[in-house]
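Spelled out from the first residue to the last, the chains are:
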Amino acid sequence: MESKMLIGELARRAGVTPRTVRHYQELGLLGNVEQESNGYHYYSDESLQRLYKINVLKKLGLSLEEIQSVIDLYFEETSMIKGKQKVLGILSKHLEETDRKMEALNQFRQEILNNMARIQLMIDEMSD
């Protein structure tokens, strides 16, 4: 039998705040959440597992939007291969973007060095 948790217990067990749980729920990251007639939301063990997975994916550098695109894949099959493949694609794009930024920064760095050398040369010529 699967346990049901109120938001406070779920948040405590996952190491997040109830506000975070609500936010993730609004984004649809927690899957189906049961709401009783009394208005309380009850969360399952899967919700807890989803929170753990969200935390791991965030540590890998995925945005919440990217996590939205992949989270359900992790819970569709036990091997989680589809989810991992999608994350691999996302991380590949992150790497490409990082490489582009690093190249641009290296070019900017070289421009700074060139400008510094040019200014130093002007100072040296004026000092003579």
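Only a predicted model underlies this, so the values are computations on that prediction, with no experimental measurement involved.

Caption draft 1: Expanded view of the overall build of the chain. Per the secondary structure count, the chain includes five helices and two strands. Along the chain, helices (α) and strands (β) appear in the sequence α-α-β-β-α-α-α when read from the amino end. At 24 Å, the chain has a C-alpha radius of gyration far larger than the 14 Å of a compact globule built from 128 residues. Seen through its C-alpha atoms, the chain measures out along the principal axes to roughly 85 × 30 × 20 Å. Counting the 128 residues in the chain, one finds 21% classified as buried. Each charge sign in the chain was given a centre, from 17 positive and 20 negative side chains, and these centres are 6 Å apart.

Caption draft 2: Region of interest: the nonpolar core. Of all hydrophobic cores here, the largest spans 22 residues; its most connected members are V21, L51, I54 and L57. At the level of elements, α1 (7–14), α2 (18–27), α3 (45–59), α4 (64–74) and α5 (81–127) are the ones that each hand at least two residues to this core. In terms of residue count, α4 provides more of this core than any other element does, five residues in total. Residue contacts for L51: discarding those within four places in its chain leaves L10, A14, V16, V21, Y24 and L30.

Caption draft 3: The arrangement of the UniProt feature "domain: HTH merR-type" (unreviewed entry) in the chain in detail. What UniProt calls "domain: HTH merR-type" (unreviewed entry) maps, in this numbering, to residues 4–73. End C-alpha to end C-alpha, residues 4–73 measures 23 Å, and it is 61% helix and 6% strand.

Caption draft 4: Looking closely at unusual backbone geometry. Positive phi, close to 60°, is recorded for M80, a residue that is not glycine. Take M80: it is sitting in the loop between α4 and α5. What makes M80 partly exposed here is its relative accessible area of 28%.

Caption draft 5: Representation of the side chain of K53 within the structure. Its location among the elements puts K53 in helix α3. Within the buried set, K53 has no salt-bridge partner at all; the shortest N-O distance to an opposite charge, 12 Å, is to E77. In this structure K53 touches I71, Y74 and M80, once residues within four positions along its chain are discounted.

Conventions and cut-offs
Residue indices follow the written sequence of each chain, beginning from 1 at its first position. Selection of residues for local features in this predicted model requires a pLDDT of at least 70, selection of side-chain atom pairs for listing and counting requires 80 or more, and totals for whole chains, interfaces and linings are taken over all residues. Computation of side-chain values: all heavy atoms of the structure, hydrogens and water removed. Strands are runs of DSSP state E lasting at least 2 residues, helices are runs of H or I lasting at least 4, and numbering of each runs from the N terminus. Here the globule rule reads 2.2 Å times residues to the power 0.38, and the radius of gyration is calculated from C-alpha atoms. The rule is simple: take the accessible area with a 1.4 Å probe, protein chains only, and divide by the maximum for that residue type; under 20% is buried, over 50% is exposed, in between is partly exposed. Positive charges come from Lys and Arg alone, negative charges from Asp and Glu alone, with His and the N- and C-terminal ends not counted. We put the charge of a Lys on NZ, of an Arg on CZ, of an Asp on CG and of a Glu on CD. For this analysis, a nonpolar core means a set of buried residues of the types Ala, Val, Leu, Ile, Met, Phe, Trp, Tyr and Cys, connected via side-chain atoms within 4.5 Å. Note on contacts: a residue pair qualifies if any of its non-hydrogen atoms lie within 4.5 Å across the two residues. UniProt positions are given in the numbering used here, feature names are shortened, and annotations may be inferred rather than shown by experiment. When a carboxyl oxygen of Asp or Glu lies within 4 Å of a side-chain nitrogen of Lys or Arg, that pair is called a salt bridge.

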